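# Architecture and fold: a report
Chain by chain, the residues:
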Amino acid sequence: MTAATASLNRNDLGWYLYGVAAADEASASTSLAEGVAEAVELVAEGPLVGVASRVSLAEFDETTLPERLRDAVWLEQNIRAHEQVLERVLEDVSVLPCRFCTVYRNEAELRRFLAERRDVLQAALDRVHGMVEVGVKAFIDRDRFAAGRAKHNDVIRQLESQVSAAEGGRGYMERRRLEQLVASELEGFRGEAAGRIHTRLVAVAEDGLPLALQPPELSRREEEMVFNGAYLVPAERGNFEAELASLAEDLRDQGIDLELTGPWPAYNFVPEELGAEWT
Amino acid sequence: MDMTRQQTLKQQVTLLELVDRVLNKGVVLSGDITLSVANVDLVYVGLRVLLSSVATLEEQREQISATGAAR
């Protein structure tokens, strides 16, 4: 940061960059030209356009940003706004999404970024051309898993009938044995199921990658998450969805439920040189 | 998967799903203002608070509608 920015004028405006698109595609889209949303502008630089809006630099300044981020209302509003602008763009053209809160001090800085990283931005845009990202998560229902296992596992089936027939102390012991057996079967099944899901889905996608599982207190589901993945698929994604439906059918009896989200801008398919993970 | 189901799924997209993408993925830029790692951690702390308050609100709403239905 330079000394000049330390004495920010309250009214100084910067540019919030939502994403980058190809200029020819963007200019061919009349609805984009009419405006994505209030105050969203397309800043053209060579073959690229930045989808951006003017924001108060004071609002996004390093010194005040932590305060804003602690404000749940501000946070939710701004995160949703970021995504809504990109989703609107994605309806018409391919777009490389930027990370939340990417702000330039002025238009010249924004243009300089588009010019300096032109080749790598273009290559990344070519890769996601006509594509969208979808998310697939798998959850496991323990009861259905146990019931499914019982069909193919004689020991489990036998134990189940003993549990329902047994009474008192013996019934308790049998039930515990059954629970332990199901738990150990589940242990191995988690990884196996995740592998099967990913293998089948990535085969019908342009690209795909497993993501970190979401902690239950955040996913707010009772069932345990066993897989979380992102796939790059054609915007017209009939093939992928057909395979997903058939996969869901095959796994239902084993207690697995699949959940599809998206279409998203291709957040997870931005090349490493543009979007390294936090380290 | 039919259109209605797709629509429903789309609407059910949680804030978490959004946050995981907009904060951790996408084009990261050099220079000017971007989120620092510390700021991202801050967002997750805030998110937990937000989600727990949403959960509380939902529970309250359910209780209210349950009481209302009982009358």
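Note that the structure is a prediction, hence the values are computed from the model and not measured.

Reading the values: rules and limits
- Residues numbered from 1 in each chain as written.
- Chains lettered and ligands numbered in written order.
- Predicted model: local features only at pLDDT ≥ 70, side-chain atom pairs only at ≥ 80, totals over all residues.
- Heavy atoms only, no water.
- Salt bridge = Lys/Arg side-chain N within 4 Å of Asp/Glu carboxyl O.
- Helix = DSSP H or I, 4+ residues; strand = E, 2+ residues; numbered from the N terminus.
- Buried < 20%, exposed > 50% of the residue type's maximum accessible area, 1.4 Å probe, protein only.
- Domains from an automatic or database assignment.
- Contact = heavy atoms within 4.5 Å.
- Buried area = accessible area lost by both parts, 1.4 Å probe.
- Expected span 1.5 Å × (residues − 1).
- Arc of directions from axis to C-beta.
- Axes fitted to C-alpha atoms, helices over the stretch in contact; angles between N-to-C directions.
- Parallel < 35°, antiparallel > 145°, perpendicular 65-115°, else oblique.
- Left-handed = near helix turned anticlockwise from the far one by under 90°.
- Core = buried A, V, L, I, M, F, W, Y, C linked by side-chain atoms within 4.5 Å.
- Pairing = 2+ DSSP bridges.
- Disulfide = S-S within 2.5 Å.

### Focus on the pattern of salt bridges
With the rule as written, the count across this model stands at 25 salt bridges over all chains. For Arg144(A), the salt bridge identified is with Asp257(A), shortest N-O distance 3.2 Å. Residue Arg144(A) is found in helix 9 (residues 142–152), and its partner Asp257(A) is found in strand 9 (residues 256–264); the two are separated by 113 residues along the sequence. The exposure class of Arg144(A) is partly exposed, given its relative accessible area of 28%. Here Asp257(A) falls in the partly exposed class, since its relative accessible area comes to 23%. Residue Asp154(A) pairs with Arg157(A) through a salt bridge whose shortest N-O separation is 2.7 Å. Of this pair, Asp154(A) and Arg157(A) both sit in helix 10 (residues 154–165), separated by three residues, roughly a single helical turn. We classify Arg157(A) as partly exposed; its relative accessible area is 41%. Residues joined in a network through salt bridges with shared partners are Glu133(A), Lys137(A), Glu259(A), Glu17(B) and Arg21(B).

### Some remarks on the domain arrangement of chain A
Residue and element names in this part refer to chain A. When the domains of chain A are assigned, the result is domain 1 (13–129) and domain 2 (133–264). Placing the centre of domain 1 and that of domain 2 at their C-alpha centroids yields a distance of 38 Å. Facing five residues of domain 1, the contacting portion of domain 2 comprises four residues. Approximately 360 Å² of surface area, both sides summed, lies buried where domain 1 meets domain 2, with 57% of it carried by carbon and sulfur atoms. Of all residues in domain 1, Glu-83, Leu-90 and Arg-127 give up the largest surface area on contact with domain 2, accounting jointly for 79% of the area buried on that side. There are one salt bridge connecting domain 1 and domain 2.

### A look at helix 10 of chain A
All names here are of chain A. Between the first and last C-alpha of helix 10 there are 16 Å, a value that for twelve residues agrees with the 16 Å anticipated at 1.5 Å per step. For helix 10, the full list of buried residues reads Ile-156, Leu-159 and Val-163. Taken down its axis, helix 10 places every buried residue within 65° of arc, on the same side. The outward face of helix 10, more than 90 degrees from its buried face, is lined by the exposed residues Asp-154, Ser-164 and Ala-165. Structurally, helix 10 contributes buried residues whose contacts are with helix 9 and helix 11 (168–203).

### Comments concerning the packing of helix 11 of chain A against helix 13 (residues 238–252) of chain A
Residue and element names in this part refer to chain A. Packing of helix 11 against helix 13 brings their axes to within 10 Å, and their N-to-C directions diverge by 155°. As judged from the angle between their axes, helix 11 and helix 13 are roughly antiparallel. Handedness of the helix 11/helix 13 crossing: right-handed. Between helix 11 and helix 13, the residues in contact are Arg-196, Ile-197, Arg-200 and Leu-201 and Phe-240, Glu-243, Leu-244, Ser-246, Leu-247, Asp-250 and Leu-251, respectively.

### Let's talk about helix 6 (residues 72–92) of chain A
Because each turn of an α-helix spans 3.6 residues, side chains separated by three or four positions in sequence point in the same direction. Residues and elements named next belong to chain A. With 21 residues, helix 6 ought to run about 30 Å at 1.5 Å a step, and its terminal C-alpha atoms sit 31 Å apart, in line with that. Among the residues making up helix 6, those that are buried are Trp-74, Leu-75, Asn-78, Ile-79, His-82, Glu-83, Val-85, Leu-86, Val-89 and Leu-90. The buried residues of helix 6 all sit within an arc of 150° when viewed along its axis, so they share a single face. Away from its buried face, by an angle of more than 90 degrees, helix 6 presents the exposed residues Val-73, Gln-77, Gln-84 and Glu-91.

### Regarding the nonpolar core
All names here are of chain A. Among the nonpolar cores identified, the biggest contains 73 residues, and Phe-100 and Ile-256 are the most heavily contacted of them. No other element matches helix 11, which puts eight residues into this core. Beyond its immediate stretch of four places on either side in the chain, Ile-256 contacts Ala-138, Phe-139, Ile-140, Arg-144, Phe-189, Ala-193, Ile-197, Val-226 and Leu-251. Of all hydrophobic cores here, the second largest spans 27 residues; its members include Leu-48, Ala-52, Ala-266 and Phe-269.

### So, the sheet that holds strand 8 (residues 224–234) of chain A
Residue and element names in this part refer to chain A. Overall, antiparallel pairing links the four strands, which are arranged 7-8-6-9 in an open sheet. In this open sheet, the two edge strands, each paired with only one partner strand, are strand 7 (207–210) and strand 9. Taken over all neighbouring pairs, the strand axes of this sheet differ in orientation by 20° on average, direction set aside. Lying over the sheet, helix 6 contacts strand 6 (131–140) and strand 9, oriented at roughly 80° with respect to strand 9.

### Notes on the state of the cysteines
Residues and elements named next belong to chain A. Within this structure, the stated rule accounts for zero disulfides over all chains. Of all cysteine sulfurs in the structure, the one in Cys-101 sits closest to Cys-98, which takes part in no disulfide; the separation is 12 Å. The buried category is assigned to Cys-98, whose relative accessible area is 0%. With a relative accessible area of 0%, Cys-101 lands in the buried category.

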